[in-house]
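An overview of the molecular structure
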Amino acid sequence: MDTALPQDPAQQKAGDDLQMALGFPYACHFVNHVNSRGIWFGDNPLLFSLPLLMMQLSFITIITRSIHLLLKPFGQPSIVSQILGGVILGPSILGHNSVFASKVFPTRGRTVLDTLSVFGFMLFIFLIGVKMDPTMVLKSGRKALAIGVLGFFVPYALAGVAALIINQCFSLDHDVTSILPLIVALQSMTSFPVIACFLTELKILNSEIGRLASSSSIICDVLHWSILSLRFVSKVATEKSVTSSIGSFLSSALLITVIVFGIRPAALWAIRHTPEGKPVKEIYIFFFLVALMGCGLMGEVIGLSALVASFILGLVIPDGPPLGAALVERLDCFVSVLLMPIFFTTCGLNTDVFAIQKLMNAGVILLVVFVSFVGKIIGTILPPLFCRMPFRDALSLALIMNSKGILELAMLSNWKKDKVMNEECFAIMIISVVVVTGVISPLVKSLYDPSKRFIAYKRRTVQHSKRGEELCILACIHSQDNVKTIISLLNATNPTTDSPMNLFVLHLVKLMGRSSSLLVAHRPREKPSLYPTQSEQIFNSFRKFEERSRGAVMVHCFKGVSPYATMHNDVCSLALEKRTCIVIIPFHRQRINGERIEAPYVFRNLNKNVLEKAPCSVAILIDCGNRKKGSSAMAEPSSYQVAVLFFGGADDREAVALAGRMSEHPNVNLTLIRFSSLNEIVGGTDRSKMLDAETLGEFRLNTLHNEQVSYQEEAVTDIASVLAVTRPMENTCDLVMVGRSHGQSQFMSELTKYSEHRELGTVGEVLVTTYSKGSKASVLVVQQQTRIWGLLDPEESLHLRRVNL
């Protein structure tokens, strides 16, 4: 209603009488009062919509961020702080003061805020549909299917029986008895969007539990929404006329048909006309955003709801690059940073804890919630335990499946708006959501650590691999630029039919435009494409390497799609599953046309996590070379110059073991340089020094008659003398190898001032830092396996001791 704002009690009373006469609430507001001229011209800025909105957003941001900073050390997710922020600003605390409520969140100002929150939720639902892969329902294994089915029906049955018994035994308010069936259904659901956000925040999206929870939640979602759809159809058929029912069904079917058979082909066409690696054209983005608004409008017109129409539209757009990722990239920041906090806060603003008047009602609702919680624990935990999953992991999965979030809040808000749920029940349910989510998050963090399963039970190193056995290697690839150097390194390790190489190639791809991570074996197309994807180009290069090896190399290709923060889980889990002896991963800093390029922190963090958690040895390959791109990566070099720097320690011994394999290659010329000093060059035990001497003696004995191998000893006194030996190698060698870690000594302490990146170790960082523009050499920094049950010291024997887990 566009009218003047009442200014005195008489006008206010007249407004109240009109509201009672009309039978529905309304708010009066000024016409064309958007911008304020300022207080110096007599305007009250809070009577204008734009200044009022900016003040509300400021309060929301400050309060929610402050609470998040306070609760973050306790492992609380952001949704808890955002809801609590709304509760603090609402009638429960600050809004209980009538002056604060009328000035900061007046009724006329809430309309704009509520509209923004619902619009943000519509965009969020659309993005969830874009990120979601509907085919996951068909791809789910038996374990995920069992968890999804039992995780829905067991709590549904138990909570339903509990609600029935409570209704029979107690005399409850009608508002409570009518809402109990809805609470049972709400508590039984496990929403995929909520689970995906929860797993991402816990950084376990691509862990074993994360993938299982994602697949199971989709099954649970399908069951829940199927039951709701049946209820909706039944309600429309019984409460509406035949004409209305038929019209609603046909119009909904027509809209879905247009989306599936009209917009989806357009999305596939746009994907086909977007070359890989190229940005999606602006006109395509514009078209699908207009389609989103149009479908949302039609959903509201026919009564299907803009939310449902947006979700269906998102589902038909293929997830991931290029189109899905482009839409997510354009909208995600705006939605998640600005609009969604408004949605969570409005839920808190609508919560009035003073509306809870009867403890009996609160006790009944919370009892049903608790029974459903226990039922979901039981239904979710049984299938994993039957499949011999560790109890802690199974319990963590059950807790994750109990988490609540945005969809539950949206349903509660909708029930309150439609007068299905009163203020008291709404407040009780909001409190239950906050408590359950707040308890689950720290429990899961304390119970589940994905890296614990990466600890091997035996030595998996190059040094402890027997000659004549196949050497299992995992090569990680970020882009096509990494392929040439890694293939050259692999070829230099001298795979033969007598000592073959089992090579696993993992293409690491950043998760974009999809909610679930992916780690799958690559299946070649039946007919080669004229426009192969980046993964196919990478895998084709390694397939050619396999063909050229004539049976000495067996290549297995995998693709991992995950967030950078948890990408190491894919690397470590594949290394553990395939029992590899060493993981080769590119360094984050590369030289392109001689220019040194610093990549983002995420690559450094990936390397750091792989070094800390890998179940085998790790080698970081730094491509410092400036070779011409015209030379083919497949062409085997006539001569490959390798230098090994030996200071002492387990990592240097691993580098020597790898060099021992290279020494047998007919085209490899290898030089082993042992550094010594009058003072102790590296720290270490007597046993470590004895193993160093044994390793060097064995290497010299095995290469005694090999003219392509040379051994040198260099006495050094300071950093300058080390650089005098290593600097010429940047132009004479193709590869320089060195161990990552060395025992602490005064000599090594002098080298630490050159260290910028701890993942390379002291000597490795010195090499990479000092090699100049145009350097020919690449550097391989080797770390021997550090994580093994019962092995407290890398210098100990490879025989295992019994460990009490």
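Quantities reported herein were computed from a predicted structural model and do not represent experimental measurements.

This part covers the overall build of the chain. Of regular secondary structure, the chain possesses 28 helices and 13 strands. The 805 residues of the chain split such that 51% are buried. A fraction of 82% describes how many contacts in the chain between residues 6 or more apart in sequence connect residues 24 or more apart. Summed over its atoms, the accessible surface of the chain is roughly 38200 Å², and 61% of this surface lies on carbon and sulfur atoms.

Following both chains from N to C, one finds helix 11 (residues 242–272) and helix 13 (residues 306–316) inclined at 30°, their axes separated by 10 Å at the closest point. When the axis of helix 11 is compared with that of helix 13, the two are roughly parallel. Considering only the axes of helix 11 and helix 13, their crossing is right-handed. On the side of helix 11, the interface is formed by Leu255, Ile256, Ile259, Val260, Ile263 and Arg264, while helix 13 contributes Ala309, Ile312, Leu313 and Val316. For the contact of helix 11 with helix 13, the per-class residue count stands at nine nonpolar, no polar and one charged.

The buried fraction of strand 2 (residues 501–510) is high, at eight of ten residues. Two elements, strand 1 (residues 471–477) and strand 2, share seven bridges in a ladder whose sense is parallel. Along strand 2, the bridge assignment pairs leucine 474 with phenylalanine 504. With helix 19 (residues 483–492) bridging strand 1 and its parallel neighbour strand 2, the resulting β-α-β unit is right-handed. Relative to strand 4 (residues 553–562), strand 2 is paired through ten bridges, and the arrangement is parallel. When the bridges of strand 4 are listed, leucine 508 appears paired with glycine 560.

This part takes up the sheet that holds strand 11 (residues 709–715). Ordered by their spatial adjacency, eleven strands build an open sheet running 3-4-2-1-5-8-13-12-9-10-11, and the pairing between neighbours is mixed. Edge positions in the sheet fall to strand 3 (518–521) and strand 11, since each of these pairs with one other strand and no more. Averaged over all pairs of adjacent strands, the angle between their axes in this sheet comes to 20°, without regard to strand direction. With five bridges connecting them, strand 5 (residues 582–586) and strand 8 (residues 617–622) associate as parallel partners. Residue pairing across strands places proline 586 opposite leucine 621, the latter belonging to strand 8. Relative to strand 2, helix 21 (residues 567–578) is tilted by about 160°, and along the sheet it contacts strand 1, strand 2, strand 3, strand 4 and strand 5. Across the sheet, helix 28 (residues 761–770) lies against strand 8, strand 9 (640–646), strand 12 (735–739) and strand 13 (778–783), angled at about 155° from strand 12, the strand it touches most.

What follows concerns the nonpolar core. Counting residues in each nonpolar core, the largest one holds 86 residues, and the members touching the most others are Phe121, Phe126, Leu313, Phe343, Ile406, Leu409 and Leu412. At 13 residues, helix 14 (residues 323–349) tops the list of elements feeding residues into this core. Aside from chain neighbours lying at most four places away, what touches leucine 409 is Ile79, Ile83, Phe343, Phe344, Cys347, Ile430 and Val433. Core analysis: the second largest hydrophobic core is formed by 49 residues, Val583, Ile620, Val682 and Met748 among them.

Before going further, it helps to spend a moment on a nonpolar patch on the surface. Where nonpolar side chains cluster on the molecular surface, the patch consists of Leu158, Leu367, Phe370, Val374, Ile378 and Leu382 and spans about 510 Å² of accessible area. For the nonpolar patch, the element with the highest residue contribution is helix 15 (residues 359–386), accounting for five residues. Judged by its relative accessible area of 47%, leucine 382 is partly exposed.

In the contact formed by helix 11 and helix 12 (residues 282–302), the axes pass within 11 Å of each other and the chain directions differ by 175°. Relative to helix 12, the element helix 11 lies roughly antiparallel. Here helix 11 contributes Ser251, Ser252, Leu255, Ile259, Ile263, Ala266, Ala267, Trp269 and Ala270 to the contact with helix 12, which in turn contributes Tyr284, Phe287, Phe288, Ala291, Cys295, Met298, Gly299 and Ile302. A class-by-class count of the residues in the contact of helix 11 with helix 12 yields 14 nonpolar, three polar and no charged.

Here we take up a positive patch on the surface. A cluster of basic side chains, namely Arg65, Lys72, Lys203 and Lys445, defines a positive patch on the protein surface. Tracing the backbone through its elements, the reader meets lysine 203 in the loop between helix 9 (192–202) and helix 10 (208–239). Given the relative accessible area of 54%, lysine 203 is considered exposed.

Moving on: the packing of aromatic side chains. With the rule as written, the count across this model stands at eleven aromatic pairs. Centroid distance phenylalanine 152 to tyrosine 156: 5.5 Å. Interplanar angle 25°. Geometry classified as stacked. Of this pair, phenylalanine 152 and tyrosine 156 both sit in helix 7 (residues 142–169), four residues apart, which is roughly one turn of that helix. One aromatic cluster in this structure is built from Phe59, Phe100 and Phe105. Positioned above the aromatic ring of phenylalanine 426 is the side chain of lysine 416, whose terminal nitrogen or guanidinium carbon lies 5.6 Å from the ring centre.

According to the stated counting rule, one finds nine salt bridges in the structure shown. Close ionic contact of lysine 416 with glutamate 423 constitutes a salt bridge, the shortest N to O distance being 3.2 Å. Lysine 608 is the partner of glutamate 612 in a salt bridge, and the nearest nitrogen-oxygen pair spans 3.3 Å. Placement of the pair is glutamate 612 and lysine 608 together in helix 22 (residues 601–613), with a separation of four residues, close to one helical turn.

Before going further, it helps to examine the environment of aspartate 692. Along the chain, the position of aspartate 692 falls in helix 24 (residues 686–702). Taking C-alpha positions, aspartate 692 is 9.1 Å from phenylalanine 647, a pair spaced 45 residues apart along the chain.

Attention now moves to helix 24. An ideal rise of 1.5 Å per residue puts 24 Å on 17 residues; helix 24 measures up with 24 Å between its terminal C-alpha atoms. Inspection of helix 24 places Ser688, Leu691, Asp692, Thr695, Leu696 and Phe699 among the buried residues, and these make up the whole buried set. An end-on view of helix 24 places all buried positions within 130° of arc, on one side of the element. Helix 24 presents Asp686, Glu698 and Leu701 as exposed residues on the side facing more than 90 degrees away from its buried surface.

Right, let's get into the confidence of the model for the chain. Residue-level pLDDT values for the chain average 82, and 88% of them are 70 or greater. When the criterion is pLDDT under 50, residues 1–9 qualifies, and its contacts beyond four places in sequence or with other chains add up to 19 contacts. When the criterion is pLDDT under 50, residues 797–805 qualifies, and its contacts beyond four places in sequence or with other chains add up to 15 contacts.

Okay, unusual backbone geometry next. Across residues other than glycine, the phi torsion is negative in most instances, and most of the peptide bonds are trans. Positioned with a positive phi, lysine 203 is a non-glycine residue whose angle comes to about 60°. Phi at arginine 388 takes a positive value of approximately 65°, unusual for a residue other than glycine.

Turning to the environment of valine 444, a few remarks are in order. By secondary structure assignment, the location of valine 444 is in helix 18 (residues 423–447). Those residues within four positions of valine 444 in sequence are excluded, and the remaining contacts are Leu202, Ile204, Ser396, Leu399 and Ile400.

Here methionine 748 is to be found in helix 27 (residues 746–751). On a C-alpha basis, the gap between methionine 748 and valine 763 in space is 8.4 Å, while along the polypeptide they are 15 residues apart. When residues no more than four places from it in sequence are discounted, the contact partners of methionine 748 are Phe647, Ile681, Val682, His742, Gly743, Thr762 and Val763.

Burial runs high along strand 5: five of the five residues are buried. With burial as the criterion, each face of strand 5 is covered, one bearing Ile582, Ile584 and Pro586 and the other bearing Val583 and Ile585. As judged from the three bridges shared by strand 1 and strand 5, these two strands associate in the parallel manner. Bridged to isoleucine 473 within strand 5 is isoleucine 582.

Our next topic: the side chain of lysine 416. Position of lysine 416 among the secondary structure elements: in helix 17 (residues 406–417). For lysine 416, the side chain forms a polar contact with the side chain of glutamate 423, separated by 3.2 Å. Beyond its immediate stretch of four places on either side in the chain, lysine 416 contacts Asn350, Met421, Glu423 and Phe426.

Parameters and conventions
Residues numbered from 1 in each chain as written. Predicted model: local features only at pLDDT ≥ 70, side-chain atom pairs only at ≥ 80, totals over all residues. Heavy atoms only, no water. Helix = DSSP H or I, 4+ residues; strand = E, 2+ residues; numbered from the N terminus. Buried < 20%, exposed > 50% of the residue type's maximum accessible area, 1.4 Å probe, protein only. Contact = heavy atoms within 4.5 Å. Areas by Shrake-Rupley, 256 points an atom, 1.4 Å probe, with all protein chains shown as cover. Axes fitted to C-alpha atoms, helices over the stretch in contact; angles between N-to-C directions. Parallel < 35°, antiparallel > 145°, perpendicular 65-115°, else oblique. Left-handed = near helix turned anticlockwise from the far one by under 90°. Nonpolar A, V, L, I, M, F, W, Y, C, P; charged D, E, K, R; others polar. Pairing = 2+ DSSP bridges. Right-handed = clockwise from strand over helix to strand, strands pointing away. Core = buried A, V, L, I, M, F, W, Y, C linked by side-chain atoms within 4.5 Å. Patch = residues over 30% accessible without salt bridge, like charges linked within 9 Å, V, L, I, M, F, W, Y side chains within 5 Å. Salt bridge = Lys/Arg side-chain N within 4 Å of Asp/Glu carboxyl O. Lys, Arg positive; Asp, Glu negative; His and termini not counted. Charge placed at Lys NZ, Arg CZ, Asp CG, Glu CD. Phe/Tyr/Trp six-rings, centres within 6.5 Å; stacked < 30°, edge-to-face > 60°. Lys NZ or Arg CZ within 6 Å of the ring centre and 35° of its normal. Expected span 1.5 Å × (residues − 1). Arc of directions from axis to C-beta. pLDDT = per-residue confidence, 0-100. Polar contact = N/O pair within 3.5 Å; in protein donor to acceptor, adjacent residues only side chain to side chain.

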